[in-house]
Structure formats: structure tokens, C-alpha cells
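The chain contents come next:
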Amino acid sequence: MSKSIKKKKVPFIYKLISIILGIISILLILSFIKLNVLNIPLLLLVISIILIFVYIGIFLLLKSKIKKTGFSISLILILVFSIITFYISKTTGLLNNLNLSYKTYNYSVVVLKSNNYNKLNDIKDLDVGYYNDGSSENTKALNKVLKKVNVDSLGYEDTTTLANSLLNNEIDAMLIENSFLEILELNLGLNEYVDDIYNFTVITNTSDISKDIDVIKEPFNIYLSGIDTFGEISSVSRSDVNMVVSINPSTRKILLTSIPRDYYVKLHGKSGYKDKLTHASLYGTDMSIKTIEDLLDIEINYYVKVNFSSVIDIVDALGGIEVYSDYDFTSRDEYRYKEGYNKVNGEEALSFARERKAFLAGDRQRVKNQQAVFEAIVNKCISKKIITKYSKLLDTLHGSFITNMPTARITSLIRFQISKNYSWDIASNSLEGSDSSNYTYSAPNQKAYVMLPDEESVMNAKKLINEVSSNDNKSITVDKTADNKEDVLVTDNKFKVKLVRSSVTLTKGEEYIYHGITATYGGKDITGSDDIITSFNINNKEFDDYRELVRYVTYNLECGNYVITYNISYKGSTKTLKQKVTINE
């Protein structure tokens, strides 16, 4: 009598788990394809590995005698595949939301404190002044106020006259965008006399100003703008950081070119009117880009925009960064930094990047520190440590910066780097200039501090950017021993000394500002040492006290070109430096 052999039925739960594993694996493969950061060979390899794991899991579940082991392995695969799919989907979502099609203007209705107006209805039927520059955002802002309360509106051609009319009680209130209000507070001390009684935003659409190219085959330039505000990244504000990042994918060269915020430049399309570069962004990122293109005679393809909140959040999400400081110093926020590498958190990184008053070189050193923070963030992002910070970084990056580089270009750059794992040659350069004061387009009735561009420095920047754009494989050479070619750096084996300002331009009657020197001995900073003896010579007149020099240059010199000779002595060594002084009408 023959025995019939019955096959054991596979439990339903095992069949269900195998189906779920199959579905999750398909979703994972589709996520990798949609993300589009892996080249074809690597993508096929990843898909093959996924399918092998799926086959093993399903085989153990349905065919083997160790189904319980297969059950455990399949559950682990489902969990791992689900987590990877989740983070890939978050990454894809982030990349697809970096391009904003709008910008936000923040407005205030401002009144004199002495008038005791507390809310918008208090100025009903009264006179309200506004900046009438013909822009659509100012028109929208006025209409928003008029919908809330009936007022008599008076247009002004510049913000300084508008503010003075409020201070002189010629109008009862002022409608103004907050970035311009900050300039007035800085120039006129307006915040001592006024209060805001109504705040609101105006949102306008932006147009695509990118000049799209194939970023893995052709050199390109990115404008990095860091605005001086917290909160919404879409907000219009002054740009504290103005950096051109020039990238050549063929030679793997990157050049960071920083431009001081107070650089006195012609605003694009404003009939030759000049302003601080930081003010250009008040009229839109496109104005900053076109103005820099005019200055450097280049084409900027894309921009990246960050704000104060971005820096804090990104650095904290990375678990801090290692930033290099050229000096020991204490920032205005009372954070201390030592010469060399410093481990900093988000607040400390921002304070490091913003500080200028701690340095004799002022804004020149600040732009170098900004470059140091940028490089430290990049280095942390491309290190293996990023894996453990990836989840937090993804959450942080959402809303922390915006760019007009298309998603397809971003993913192609990532794919390019992943496939080859290239190392990059990164160099930094900063534009130089001389201190002065002048009228600006944004505040035309009052002189403000500006930095007059040094033409040699500008020409050198153009040359360096062109070198990066060429396919010559030689290293980028940037002079690190001087701020520009006119700076005089004198050295012996131990004693090094340099002028903080190699040239100064003044208008007649304007006070000459003494900026002094920086000095090191055996690598140690001795700038403030009492043992340094400095004397000065100009027009055959000798001065041992810089205050006497300041009085002489300010009150005794006529219009023309002069040279101040600095004689600096320390421990038996004497160095001679020369500073050019130009006095204009």
C-alpha cells in the first residue's frame, strides 16, 4: 500500500510578508531611480543587490525548512528598505522644493513715539508718507494699508526725506519696508524717536534669472548671498555675504571670490548711480547678480541664498564644524576664538562670520572668516561623519536656503561626485578697497561709510575667475601674504609687518582715519605691543604720534596725492612701509 506525501501549506503570514517585502523593494528601486543621483552602472548594482536580498528573503520564507529564520530576515529587510525609502523620498522632496517662485517684503507703519498712536485706526484720515519708487511691492503695500484704514498718502522720492518729514511732524506716519527702515535707524538714529504700529508682508512673484548650462561639462559661477536677517528665507534684506563661487567640473577647481558688503559699485540699470553692494539686494537678488556681473565682467549662472537662521541651523545639524581663525579674538557676542582650528556650534559660527570690529583689517578679515565657515561646512558635508547627521540635516535644510539651480542640475552634480569621488582644489580670494564716505542711491541725502574698489584687486579677481574657467590644470595661485598688490609686506626671519590700509581716499575736510599696522614676531601676533615704535613722514614733516598725523592730514593738506612713510621698529629691526593718500574735492 503506497503512502501519499502531503506538502505542508505555507502559513498565510509568510505569504503576506513576502508580498510586503516585494512591494517595499519595488518602492525602494523606484525611489533610487527618481532621486537620480546614481550613474547607470552603480544604479544597476544597487538594484541587483536589492533583488538578491529580496530573493533570499522570499526563498527562506516559502521554500526552505528554516521559515522562521526567513521570517526574521524578511522583517529586517522590510524595516531597512522602508527606512532607506523614507529618507530617499525626503531627499527628493527637499531637492524639489529649493526653487522658490516668490519673495517676501516686510513692511511697517511707523509713527513718532511722542504722538501716542498705538494702532492703525489711530491714524485714520491723517497724512501717511511712503517711498514712491514706482515698484509694484510699494504700491501693493500702500493698497494694503488703504484697505485697512482711510489715510491721505504722500509719495517721497527717497527714504531720508521721508524719514525727516516724519521727524519734523510734516506727516503723521510713515509706511516703509523694514530693510530701508534699518538703514534709516543706522544713519539717523531713528529708533530713538519712532515706534511701529502695524506690520505686514507683501509677496511678489519672481522670474527665472538662471543662465542654465551643463554643470558637469562646463565651468559655471554661483552667487552666494547671505542676508542679514532671521526667519523666512524668502525675505528681502541687505546681503551681508556676497561671494562668487566659480566651479570648473573638468579640472575640479573651485574659487571663492568674496566682495566686501560696503563695496561702492554702480547699481545695474540705475543710470550710473552708486551704492553699497549690500544695498543692491534690497531691489532683488537679480539686482545683486547683475551688479556683480557688471563689476567682474562675468556671467553668473545660479544663486544660493541663506540667512542668519540658515547658518545656525545647518551648523547645529552637522553637530558643529571646525573653523580656522587667523587670530585670537573675542567677538561682539563675547565668544572667544583662538588662532588655529576652533570647534564651533551654530551661534558661534555665525558670530565668527559676522565679526569685523575685533580686527584692524575690519571687513577684509570678516570676508576671510566667512570663507572659512563656508569651507568648514563643505568639508563636514562631504565627510563620512555626515551619515550620522543625515536625518537632522535633511530636516534643517528644508527652508534654510533657496537656489535657482534646477533640480536636474543639482542631482547631476551629486551623481558626478558619487561616481568618481573626486577631490577638489579650493582657493579663496577677496576684493580690496580703501575706506571713504559718500552718498548712496538708497540714502542719497547723507554720506555713509563705503569702500572704494581697488582696480588692481578687481582686475586680479577677473583674472583668477578666468583661470578657473579655463581647462588649464595648474593650481589656482592667490597671493595670501597681502590683501592686495599695493599692500607692502616686509619680513625678516622673525619680524613681519603689514599696513592695514595701503591706500586711502578722502574728500577735502573729511577726517583721516588711522588704521595702523599688523605685526607678528616669530609667528606670534604682537600688533598691540608697547615695544613697537612707529613714526611717520609726509611732506617732509615727521610725526611720532599718530594723532598728530591725523590732525595734519585732516586739516593741513590740500587736494592731491600724497605718500605717508611708516617707520616701524621692534627689537632692533626697522621696517619701512608706504601708504598712498588721495584727497579729492
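Residues numbered from 1 in each chain as written. Predicted model: local features only at pLDDT ≥ 70, side-chain atom pairs only at ≥ 80, totals over all residues. Heavy atoms only, no water.

*Asks:* Help me understand the packing of aromatic side chains in this model?
*Replies:* When we look at a pair of aromatic rings, we describe it by the centre distance and by the angle of the planes. For the coordinates displayed, the defined rule picks out 21 aromatic pairs. Ring geometry for Tyr514 and Tyr566: centres 6.3 Å apart, planes at 10°, overall stacked. Taken together, the positions of Tyr514 in the loop between β22 (503-507) and β23 (517-521) and Tyr566 in strand β27 (residues 560-570) put the pair 52 residues apart, joining distant regions of the chain. Among the residues examined, Tyr514 registers a relative accessible area of 24% and is labelled partly exposed. Owing to a relative accessible area of 1%, Tyr566 belongs among the buried residues under this scheme. Clustering of aromatic rings is evident, with ring pairs tying together Tyr131, Phe180, Tyr273, Tyr283 and Tyr441. Of note, Lys270 hangs over the ring of Tyr283, and the distance from its end group to the ring centre comes to 5.4 Å. (Phe/Tyr/Trp six-rings, centres within 6.5 Å; stacked < 30°, edge-to-face > 60°. Helix = DSSP H or I, 4+ residues; strand = E, 2+ residues; numbered from the N terminus. Buried < 20%, exposed > 50% of the residue type's maximum accessible area, 1.4 Å probe, protein only. Lys NZ or Arg CZ within 6 Å of the ring centre and 35° of its normal.)

*Asks:* Can you walk me through the nonpolar core in this structure?
*Replies:* Across soluble globular proteins, nonpolar side chains have a tendency to be buried as a group. Phe32, Ile50, Phe81, Phe220, Ile222, Val245 and Ile321 are the most contacted members of the largest nonpolar core, which totals 65 residues. In terms of residue count, the dominant contributor to this core is helix α1 (residues 12-35) (eight residues). The residues contacting Ile50, other than those within four sequence positions of it, are Ser25, Leu28, Ile29, Phe32 and Phe81. Within the second largest apolar cluster, 46 residues are counted, among which are Ile233, Tyr283, Ile289 and Ile292. (Core = buried A, V, L, I, M, F, W, Y, C linked by side-chain atoms within 4.5 Å. Contact = heavy atoms within 4.5 Å.)

*Asks:* Looking at this structure, how should I read the sheet that holds strand β5 (residues 194-205)?
*Replies:* The pairing of strands in a sheet comes from backbone hydrogen bonds and takes either a parallel or an antiparallel form. If you walk across this open sheet you meet the five strands as β3-β2-β4-β1-β5, and the pairing is mixed. In this open sheet, the two edge strands, each paired with only one partner strand, are β3 (152-156) and β5. Between one strand axis and the next, the sheet turns through 25° on average, direction left out of account. Relative to β5, strand β1 (residues 102-112) runs antiparallel, the two being bridged by 11 bridges. Its bridge partner lying in β5, Val111 is registered against Asp195. Helix-sheet contacts for helix α4 (residues 136-148) involve β1, β2 (127-131), β3, β4 (173-177) and β5, and the interaxial angle to β5 is about 125°. (Pairing = 2+ DSSP bridges. Axes fitted to C-alpha atoms, helices over the stretch in contact; angles between N-to-C directions.)

*Asks:* Explanation requested: unusual backbone geometry in the structure shown.
*Replies:* Trans peptide bonds make up most of the peptide bonds, and negative phi angles are found at most residues other than glycine. Despite not being glycine, Asp125 shows a phi value in the positive range, around 65°. In this structure, Asp125 sits in the loop between β1 and β2. Asp125 sits in the partly exposed class, given a relative accessible area of 45%. Of note, the phi angle at Asn540 is positive, near 65°, even though the residue is not glycine. Turning to its location among the elements, Asn540 is positioned in the loop between β25 (533-538) and β26 (541-543). Judged by relative accessible area, which is 75%, Asn540 ranks as exposed.

*Asks:* Sorry, what's going on with the pattern of salt bridges here?
*Replies:* Once the charged atoms of two side chains with opposite charge are near each other, the side chains can pair. Per the stated rule, a full pass over the model turns up 10 salt bridges. Of the charged contacts, one joins Asp262 and Lys276 as a salt bridge, the two residues approaching to 3.4 Å between their closest N and O atoms. With Asp262 in the loop between β8 (253-258) and β9 (264-266) and Lys276 in strand β10 (residues 274-276), this pair connects stretches of sequence that are 14 residues apart. The two residues Asp262 and Lys276 agree in class, both being buried. (Salt bridge = Lys/Arg side-chain N within 4 Å of Asp/Glu carboxyl O.)

*Asks:* What should I look at first to understand the packing of helix α9 (residues 308-317) against helix α10 (residues 346-354) in this one?
*Replies:* Pairs of packed helices are described in terms of their axes, by the angle between the two and the distance that separates them. It is at 7 Å that the axes of α9 and α10 come closest, and there the two elements cross at 135°. In terms of orientation, α9 lies oblique with respect to α10. Along this stretch, α9 crosses α10, giving a crossing that reads as right-handed. Along its contact with α9, which presents Phe308, Val311, Ile312, Val315 and Asp316, the element α10 presents Gly346, Glu347, Ala349, Leu350 and Arg354. Here the contact of α9 with α10 is built from residues that sort into six nonpolar, one polar and three charged. (Parallel < 35°, antiparallel > 145°, perpendicular 65-115°, else oblique. Left-handed = near helix turned anticlockwise from the far one by under 90°. Nonpolar A, V, L, I, M, F, W, Y, C, P; charged D, E, K, R; others polar.)

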